[in-house]
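What the coordinates show
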Amino acid sequence: MNKWWHDKAAYQIYPKSFYDANGDGIGDLQGIISKLDYLEELGIDIIWISPIYKSPFVDQGYDISDYYEIAPEFGTMEDFEELLAQAKKRGIYIVMDLVINHCSDQHEWFQKALADPEGEYADYFYFRAGKNGNPPSNYRSYFGGSCWEPVPGTDQYYFHAFAKEQPDLNWENPKMRQEIYDMINWWLEKGLAGFRIDAIINIKKDINFPDLEPDGPDGLVSYFRVVEQTRGVGQLLKDLKNNTFAKYDAFTVGEVFNMHEEELPEFIGEDGHFSTIFDFSAHCLSEGEHGWYDAPDIDFKEWREAIVNSQLEVQKVGFKANIIENHDEPRGVSRFLPEYARNEAGTKMLGTISLLLRGIPFLYQGQEIGMQNCVWDSSEEWDDISTKDQYQVAKAAGLSEKEALDKCARLSRDNARTPMQWSGERCAGFTQGTPWLKVNPNYSKINVEKQQQEEDSVLHYYKKLIALRKSEEFKEVFTYGRFAPAYEEQENIMAFYRYLDKEETASEESVGVFHKRQENQEPASSRKRVLVAANFGKDAAELPLKCKVKKVLLSNLPENQAGETLVLAGCGTMVLECE
Ligand code: TEU
Ligand code: CA
């Protein structure tokens, strides 16, 4: 069945770094409101805003101390309601971040739990006695150290998968669940379109917390491994959906890592737990065995294969949300493009692939101008809790300070969190005050104002790309059209067809009738067919054309040509309508 969000383009805002309207160095809600016209012009339909709830900001708002309050750093509830109304006027939907695996240790529930370990709020969390002076189990939290934090003056510990200031909520407790459901419904009543759901796979625990085989010299095992072995999250997710999202036809996008692949239909099928989940298959390629310090660089062929495989699997079932980057990931241009391609042409090429894949495109703030990783001169410049931990891990593994800095700079979450580059003015026009995080020094070259003036800028290209995807003529093929990889035998080419079969109606296609794996299938009887091709190589490539070109829909370089053959300049990309 077709859904209202299938053909939408989404944009993630990291509020702290988007735009500071009052000069305190921190982005805010009024800042977002003042940029709505910009987003509308870009062609954005859905905005996901990273957490804006009250928080001590140990993990930049992913540690919520009051789910019903707006953080004063960002503004007031009135500002938020104004944002909703202003967005609505422009036909833009607002999606908030839902962080319900854990809350802040400053949340009233946790404070009450600490004050009365026998009381009802203790059961909102996981408190357990230690084992012979050790924590209850040997799990390493995502941000380093044990998952168990001792409660002073007792033999008890509490569980946290992330920072110790982010105690995990006990999802086995129906009372706790009901409080969360009430909160979600309260926000949906306000007129939210839905939620991006944080770290949700973690909510299911094996409440016996068995020790597992250690995977590091600290004698601990990554919590990632623990989650892999945990079953039964589905029941919790069903309950969550039925009590909340389902009643509002809300759009939900799950942040789901290490799901069991066979569960994909349960997650995003017709009646799935979520509308969609992010596709992290390319991002997972740079997972290090022990941390960021031993993380491999991206290899083009592996990257292509990861995306192709994911597309082929997902289209049998539903839609994933496609991203190049987000607030936890380095900038895509610096990560997925070879060095020679980290320029305007390469940036456009990467954007073309990402936005025309089958799925819901999510842009991250600054992606539309091709923002890149920052140059970090010292570890002191970092704010992010995860980066700081990874830096320590790297040094503990024997890397020098310089080596550890370089390794962590590649993957630091702060790369995506540097302030949005609005102009060539002081602090990239982000703030009149002192920005809370370093501004990327390349802002004089890469900024919105400059790109608005240049006709063939990355920004204008992104506008065209989104407009093409949403155009009356091509909306159907880009939304519901099948994906079939092309030119996989070519060294440096990432290419695919999107096509609509003659017999099928769009709605049949959307429910996932693609049972067979369509490897390199040349669509013979399509009623609409588009070829998207990109040359990630340095030199030009000439490819045989297997279809007759009806129209060039997009091209990033004047040297690209589509005639008898397809000629793509180095970092060239073209979008062609085929006969
Ligand atoms: O991220 C969940 C997640 O799995 C991350 O730990 C990811 O692996 C990590 O960022 C890599 O360094 C979500 C949020 O997106 C993230 O910003 C939060 O820090 C985290 O949850 C805790 O809420
Ligand atoms: Ca501000």
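Since the structure is predicted, the reported quantities are computational estimates derived from the model, not experimental observations. (Residues numbered from 1 in each chain as written. Chains lettered and ligands numbered in written order. Predicted model: local features only at pLDDT ≥ 70, side-chain atom pairs only at ≥ 80, totals over all residues. Heavy atoms only, no water.)

For side chains of opposite charge, pairing can occur when their charged atoms come near one another. What the rule picks out here adds up to 43 salt bridges. The partner of Glu 165 in a salt bridge is Lys 164, with the nearest N and O atoms 3.0 Å apart. A residue is classified by how much of its surface remains accessible, and Glu 165, at 17% relative accessible area, is buried. The shortest N-O distance in the salt bridge between Arg 231 and Glu 262 comes to 3.4 Å. Taken together, the positions of Arg 231 in the loop between helix H6 (223-229) and helix H7 (233-243) and Glu 262 in the loop between strand S12 (251-254) and helix H9 (264-268) put the pair 31 residues apart, joining distant regions of the chain. One network of salt bridges, with partners in common, ties together Asp 59, Asp 328, Asp 384, Arg 413 and Arg 417. (Salt bridge = Lys/Arg side-chain N within 4 Å of Asp/Glu carboxyl O. Buried < 20%, exposed > 50% of the residue type's maximum accessible area, 1.4 Å probe, protein only. Helix = DSSP H or I, 4+ residues; strand = E, 2+ residues; numbered from the N terminus.)

Our next topic: the side chain of His 273. Considering the arrangement of structural elements, one finds His 273 in the loop between H9 and strand S13 (276-279). Of the residues examined, His 273 reaches a relative accessible area of 4% and is grouped as buried. Ignoring sequence-local partners within four residues, the contact set of His 273 consists of Gly 234, Leu 237, Lys 238, Lys 241, Thr 252, Glu 266 and Phe 267. (Contact = heavy atoms within 4.5 Å.)

Turning our attention to the packing of aromatic side chains. Scanning the entire structure with this criterion turns up 49 aromatic pairs. Measuring from centroid to centroid gives 6.3 Å for Trp 376 and Trp 382, while their planes differ by 55 degrees, and the two rings are tilted. You can call Trp 376 buried: its relative accessible area is 6%. Residue Trp 382 is classed as buried on the basis of its relative accessible area, which comes to 4%. Each member of the aromatic cluster is reached from another via a ring pair, and the members are Trp 4, Trp 5, Trp 48, Tyr 93, Phe 251, Phe 257, Phe 278, Phe 280, Phe 319, Phe 362 and Tyr 480. It is Lys 528 that lies over the ring of Phe 474; its NZ or CZ is 4.8 Å from the centre. (Phe/Tyr/Trp six-rings, centres within 6.5 Å; stacked < 30°, edge-to-face > 60°. Lys NZ or Arg CZ within 6 Å of the ring centre and 35° of its normal.)

Before going further, it helps to examine the coordination of the calcium ion (ligand 2). Asp 20 (OD), Asn 22 (OD1), Asp 24 (OD), Ile 26 (O) and Asp 28 (OD) make up the full set of protein donors to the calcium ion (ligand 2), lying at 2.2 to 2.3 Å. Ordering the donors of the calcium ion (ligand 2) by residue number gives the pattern D-x1-N-x1-D-x1-I-x1-D. By relative accessible area, Asp 24 is classed as partly exposed at 39%. (Donors = N, O, S within 2.8 Å, 3.2 Å for Na, K, Ca; no water.)

Throughout this description, disulfide means a covalent bond between two cysteine sulfur atoms. All chains considered together, the criterion is met by one disulfide. Note on cysteine connectivity: Cys 547 is disulfide-linked to Cys 578, with sulfurs 2.4 Å apart. A residue pair is termed long-range when its members are at least 10 positions apart, and Cys 547 in the loop between strand S19 (541-544) and strand S20 (549-555) and Cys 578 in strand S23 (residues 573-578) qualify at 31 residues. Each member of the pair, Cys 547 as well as Cys 578, is classed as buried. A disulfide-free cysteine, Cys 103 has its sulfur positioned 16 Å from the sulfur of Cys 147, the nearest such atom. (Disulfide = S-S within 2.5 Å.)

Proteins that are soluble and globular tend to have nonpolar side chains buried together. With 163 residues, the main nonpolar core has Phe 80, Phe 195 and Trp 303 as its most contacted residues. The contacts of Phe 80, once residues within four sequence positions are left out, are Leu 29, Ile 52, Ile 70, Met 96, Trp 187, Lys 190 and Leu 192. In terms of nonpolar packing, the next biggest core, distinct from the first, is built from 18 residues, Ala 495, Tyr 497, Leu 543 and Leu 566 among them. (Core = buried A, V, L, I, M, F, W, Y, C linked by side-chain atoms within 4.5 Å.)

Contact pair helix H12 (residues 344-356) / helix H17 (residues 458-470): the axes reach a minimum separation of 10 Å and the direction vectors enclose 20 degrees. Considering their axes alone, H12 and H17 lie roughly parallel with respect to each other. At the point where H12 passes H17, the crossing takes the right-handed sense. Judged by residue contacts, Glu 344, Thr 347, Lys 348, Gly 351, Thr 352, Leu 355 and Leu 356 of H12 engage Val 458, Tyr 461, Tyr 462, Leu 465, Ile 466 and Arg 469 from H17. Counted by class, the contact of H12 with H17 contains seven nonpolar, three polar and three charged residues. (Axes fitted to C-alpha atoms, helices over the stretch in contact; angles between N-to-C directions. Parallel < 35°, antiparallel > 145°, perpendicular 65-115°, else oblique. Left-handed = near helix turned anticlockwise from the far one by under 90°. Nonpolar A, V, L, I, M, F, W, Y, C, P; charged D, E, K, R; others polar.)

Counting buried residues in strand S16 (residues 482-486) gives five out of five residues, a clear majority hidden from the surface. Along S16, one buried face is formed by Arg 482, Ala 484 and Ala 486 and the opposite face, lined by Phe 483 and Pro 485, is buried too. Pairing between S16 and strand S17 (residues 493-501): five bridges, direction antiparallel. Directly across from Ala 484, in S17, lies its bridge partner Tyr 497. A loop of six residues connects S16 with S17, the two strands running antiparallel in sequence, and Tyr 487 in this loop sits at a positive phi of about 55 degrees. (Pairing = 2+ DSSP bridges.)

The next subject is the sheet that holds strand S22 (residues 565-568). One open sheet holds the three strands; their spatial order is S19-S22-S21, and the pairing between them is antiparallel. Both edges of this open sheet fall to S19 and strand S21 (561-562), since each of them pairs with a single strand only. In this structure, S21 lies alongside S22, joined through two bridges in antiparallel fashion. Bridging across to S22, Gln 561 finds its partner in Val 567.

Our focus in this paragraph is the environment of Cys 147. Looking at where Cys 147 falls in the secondary structure, it is placed in the loop between strand S7 (139-140) and strand S8 (148-150). Each residue touching Cys 147, except ones within four places of it in the same chain, is listed here: Tyr 139, Arg 140, Ser 141, Tyr 158, Phe 159, His 160, Ala 161 and Tyr 223.

So, about the confidence of the model for the protein. Averaged over all residues, the pLDDT of the protein equals 95, while 96% of them reach at least 70. Taken as a whole, residues 506-520 scores under 50 in pLDDT and shows 48 contacts with residues more than four places along the chain or in a different chain. (pLDDT = per-residue confidence, 0-100.)

Turning our eyes to something else, we now look at the packing of helix H5 (residues 174-189) against H7. H7 packs onto H5 with a crossing angle of 40 degrees between their chain directions and a minimal axis gap of 10 Å. By the angle class used here, H5 and H7 are oblique. Helix-helix and strand crossings are classified by hand; for H5 and H7 the assignment is right-handed. Contacts between H5 and H7 pair Arg 177, Tyr 181, Ile 184 and Asn 185 from the former with Leu 236, Asp 239, Leu 240 and Asn 243 from the latter. For the contact of H5 with H7, the class distribution of residues is four nonpolar, two polar and two charged.

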